[in-house]
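Fold and geometry: a report
So the chains spell out like this:
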Amino acid sequence: MIRVLPMTVAAAMAIAARGVARHADGQRARSLAAAATAGLIGLLLLLDWLVVAAGLPASFELAGIECELERAGWQRTMPFVDLVIALLAIGLAPVASHPPRTLATILLTIAIAIAFQSLDEPITMSLLWGASVLLVARELLRLEGRASAVVRAFRRYQGVSVAAIIVGAIAFASGNPTFGAVMWLLAIALREAILPLHGWLPLFASRAPLGLLVALVAPQPGVYAQLTVCGDITGGALAHDFAIFAALTGIAAAALGVVQTDARRAACWLIISQTGLIAFGLENASLVGRTGAVLSWQVMALGTSGFVMTIAALEARRGTLSLREPGGSFARTPRMAVAFLLLGFASVALPGTLGFVAEDLLVQGSVDEYPLVGFAVVIATALNGINVMRSFFVLFSGTTRHTGEHDLTRLEAGVLSVVLAVLLVGGALPRSLLSPEHPPTSPSTPPSDH
Amino acid sequence: MNDPTISGLITTTLAAPTLACAALALPSWFGAKLRERVISGIVGAAFAVAAVASAAALTLLLLSGEPLAHLSFGHWFDVGHYDFHITLIADHLSLPFALFVALLVGLIGAFSRRYLHRERGFLRFYLLLALFGASVELVALAGSLDLVFFGWELVGLTSVLLIAFFHERPKPVEHGLRAFLTYRMCDVGLLGALIWLHHTAGTTAFEQEHAPWAGITPVADAGAAMLIGFLLLWASMGKSAQVPLSGWLPRAMEGPTPSSAIFYGSISVHLGPFLLLRAAPVLMQTPAVAWSVIAIGALTALHGSFVGRVQTDIKSVLAYASMTQVGLILVEIGFGLHYLPLLHIIGHATVRSLEILRSPSLLHDHHHLEQAIGRQVARAPVHVDKLLPRAWQPWLYRHALERGYFDGLLRDFVVRPFLAVWRGFDRADRWLADLLAGRDPESPPPEERAGGAR
């Protein structure tokens, strides 16, 4: 089955990435990448509208190959979300730390994620999983050198992840779905940095360009794989154990985020915590919990990515961002400060944003099945909020010393406006994002209504 | 009752401040510079409209003889069996409170126009004031605990941002973060209560049974009712600075005086009692919770009264006076009273906000008074000296100076152990990550070797 629209978008991104990589001027490369991504978002929205307006058939056959224009239900928004992630990762990427080849890698990584999320065949999915890891590893090696600890950690952890997903895919193909699912869950846990398999991510977040971090982590191919491939098989004890591990990750990472002394690591633990909570929600038997987890994924993809990229933009102005003592001025960079706060809080369930809806569904859905863990998830969200507020106060207040940094550029403001609009409008009108006719559950397992 | 006029008026009460927020936020995000007169005009007009609408709704409700009116906006979102229903409620609790909030926020807005003239954060103050007003109106008019939580969280956020209003000074920021920590940990109680209500009762909607106004539907299971009651009490304790979580309140006075008046003298600090008034059916169902409310309220009243006597600045004195009165209001609620606590809230909030607004002119006012009467103002008699045994007085004095040791106890037995444990985990995690990455755990981290992170 080929999904025409997502595959077209992925192909167009890959072509754009080639063009971007050839540029010598970082500024122009970034403008080109941002324009290409913005154009693709516009094109996708237009085509999507045309599909609905013209009432085109959802599926058709082309030269003997079964084709579908786009996925239905909750999966329909995924290419759009991935493109907005790309826009964030590029539009707010500092030129100094994101040379043209890094920008091209970001585009390619997200193109692969879009392609991955339009498939449901394990072998091809595992190959794409491996391709994205290879791409990022190559770029990291180029930037950091072979002797770097982050390169070694990334290779070791993600090497196991790629091996596990390929072995799992072979197991699926050879009729051993339980072993396949176990291997895929291992790969997902490594990629999503579920405790105790998280060791590579804090190192990666400390050293790698933040745009690359966002491109690798935010599209969350693991979430998709967990829902579409493992969903049927990992029922019962395995799902329960994975959910408990994921929830513990969410809670422990939230607490660890509060004690960090630099902004990158604080943001990294926020990502790990959010990812853990999403993985926990996906293993819920309840439709409400699963829907909340999928929505949380989309919120995290936009809110937390925006939060991380705002740190990247601020770092380009000020250098290393320590959280040991206050060192910024709200008055100098008011729009950047507001964006930082809103994006951070949107990802930790600020009322009025899409994050609130996602969190509400996630907690309400999980409390029947996991009453104690459900309450613990609430505490994790509270701690994540403290992490965001502490980072905000330390980075944007508390001193009269100013380094003269400027507020958001036009490109940065434009990108952040789009993301904030999606989170706020989505928060006001969430029903359009919750597709009752195609709930986030695998077709063969009817979801429980609890 | 579902009167379309009352429904329209309630909607207006909530919509006017919300639109004021949008009218201030959107242009400033896109770089427009608004004049001070326009900013204060928008906020003033919004709350004037809200005050008129809520007064009219209250009059119509009283004339109709009906106890309450419901206004349903349908489902905000729904999945499976779960739905988030948006319902507003007009009753003898919500409308007086909504009217009072609109009047007070409008007055504070008018006062602040001169007080904050040419202040760099003028727009920020008014934006947060409008957002605060809209959030409190939502808490007041909410027809379910879900909606209360929505407004409750936003009240906390605006409160913290206003404590840290003078963001270039470290102390306001530190105190803002402290308040946020308390709010956030106590909001867990409210969220936990509403989750458990959904789990056990299937709804968080307020219904009117025997009380003079609508409240949380009692839960059949006594254990669940007790859990929900204690969670709601925990939520109220944080927002209303009840012992032992009271330390943030005097520190919150670092914000601009008008915001101190509206938050910690009048409205925000009374939201805890307001929530407990809505939770009255659950309190009456579980005597253990009701007695806990009384005990915490009484302890806070005593604590506030003693500690307030040794404070050396007027804003701290007023903060502890607020705490004392809110403690007494909790005692009234614990005893199952309804209209007395409501009147106490409105009366205390009015007097206290006036006192806080006048506090920067305290010496000036004092001189004026002495000039007018032609002699020194006599010191108020201190009855407590006569009532307490002499042997207790030094101990109590020390206790008051140390603010009841609550701050120290929380710091030493909650915050520091928490941070120590997780810092230990963090160090262990870094060590393990280094080991797995093949780096010598004893060598300095890469960012230090490279002279800073990328």
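Residues numbered from 1 in each chain as written. Chains lettered and ligands numbered in written order. Predicted model: local features only at pLDDT ≥ 70, side-chain atom pairs only at ≥ 80, totals over all residues. Heavy atoms only, no water.

**Some details on the overall build of chain A**
Each helix and strand counted, chain A has 17 helices and three strands in total. Taking 2.2 N^0.38 as the reference for a compact globule, 450 residues should give roughly 22 Å; the C-alpha atoms of chain A span a radius of gyration of 21 Å, in line with that estimate. In terms of its C-alpha atoms, chain A occupies a principal-axis envelope of roughly 65 × 50 × 50 Å. Residues counted as buried form 66% of the 450 residues belonging to chain A. For chain A, long-range pairs separated by at least 24 residues make up 82% of all intrachain contacts whose partners lie at least 6 apart in sequence. When the accessible area of chain A is evaluated, it comes to approximately 14,500 Å², of which 66% is carbon and sulfur surface. (Helix = DSSP H or I, 4+ residues; strand = E, 2+ residues; numbered from the N terminus. Rg over C-alpha atoms; globule rule 2.2 N^0.38 Å. Buried < 20%, exposed > 50% of the residue type's maximum accessible area, 1.4 Å probe, protein only. Contact = heavy atoms within 4.5 Å. Areas by Shrake-Rupley, 256 points an atom, 1.4 Å probe, with all protein chains shown as cover.)

**Re the overall build of chain B**
Along its length, chain B carries 19 helices and four strands. Here chain B has a C-alpha radius of gyration of 24 Å; the compact-globule value for 454 residues is 22 Å, and the two agree. Across its three principal axes, chain B shows a C-alpha extent of roughly 80 × 75 × 55 Å. When the 454 residues of chain B are sorted by exposure, 54% land in the buried category. For chain B, contacts bridging at least 24 residues in sequence account for 75% of all contacts bridging at least 6. Surface accessibility of chain B: about 19,400 Å² in total, with carbon and sulfur atoms responsible for 65%. Side-chain charges in chain B split into 33 positive and 33 negative, and the spacing between the mean points of these groups amounts to 12 Å. (Lys, Arg positive; Asp, Glu negative; His and termini not counted. Charge placed at Lys NZ, Arg CZ, Asp CG, Glu CD.)

**Quick look at the domain arrangement of chain B**
Once the domains are mapped, chain B shows domain 1 (1–143), domain 2 (166–360), domain 3 (372–404) and domain 4 (405–444). With centres defined by C-alpha atoms, the gap from domain 1 of chain B to domain 4 of chain B works out at 45 Å. (Domains from an automatic or database assignment.)

**Quick notes on the interface of chain A and chain B**
Tallying the contact residues gives 80 residues for chain A and 61 residues for chain B. Note on chain A versus chain B: buried area summed over both sides is about 6,000 Å², and carbon and sulfur give 69% of it. Broken down residue by residue, the surface that chain A buries against chain B is led by Arg207(A), Gln364(A) and Phe393(A), which jointly contribute 10%. Residue Arg431(A) pairs with Asp78(B) through a salt bridge whose shortest N-O separation is 3.1 Å. (Buried area = accessible area lost by both parts, 1.4 Å probe. Salt bridge = Lys/Arg side-chain N within 4 Å of Asp/Glu carboxyl O.)

**Overview of the sheet that holds strand S3 (residues 65–68) of chain A**
An order of S1-S3-S2 (chain A) is seen for the three strands of this open sheet, with the pairing classed as mixed. Of all strands in the sheet, those bounded by a partner on one side alone are strand S1 (2–3) and strand S2 (59–62) of chain A. (Pairing = 2+ DSSP bridges.)

**Concerning the nonpolar core**
Core analysis: the biggest nonpolar cluster contains 311 residues, and Trp200(A), Phe204(A), Met389(A), Phe392(A) and Leu145(B) have the highest contact counts within it. At 17 residues, the largest contribution of residues to this core is made by helix H13 (residues 287–318) of chain A. (Core = buried A, V, L, I, M, F, W, Y, C linked by side-chain atoms within 4.5 Å.)

**Digging into the confidence of the model for chain A**
All names here are of chain A. Here chain A averages 87 in pLDDT, and 95% of its residues register 70 or above. When the elements of chain A are averaged for pLDDT, S2 gives the smallest value, 74, and helix H4 (residues 100–116) the largest, 95. Every residue in residues 442–450 scores below 50 in pLDDT, and together they form 19 contacts with partners more than four places removed in sequence or on other chains. (pLDDT = per-residue confidence, 0-100.)

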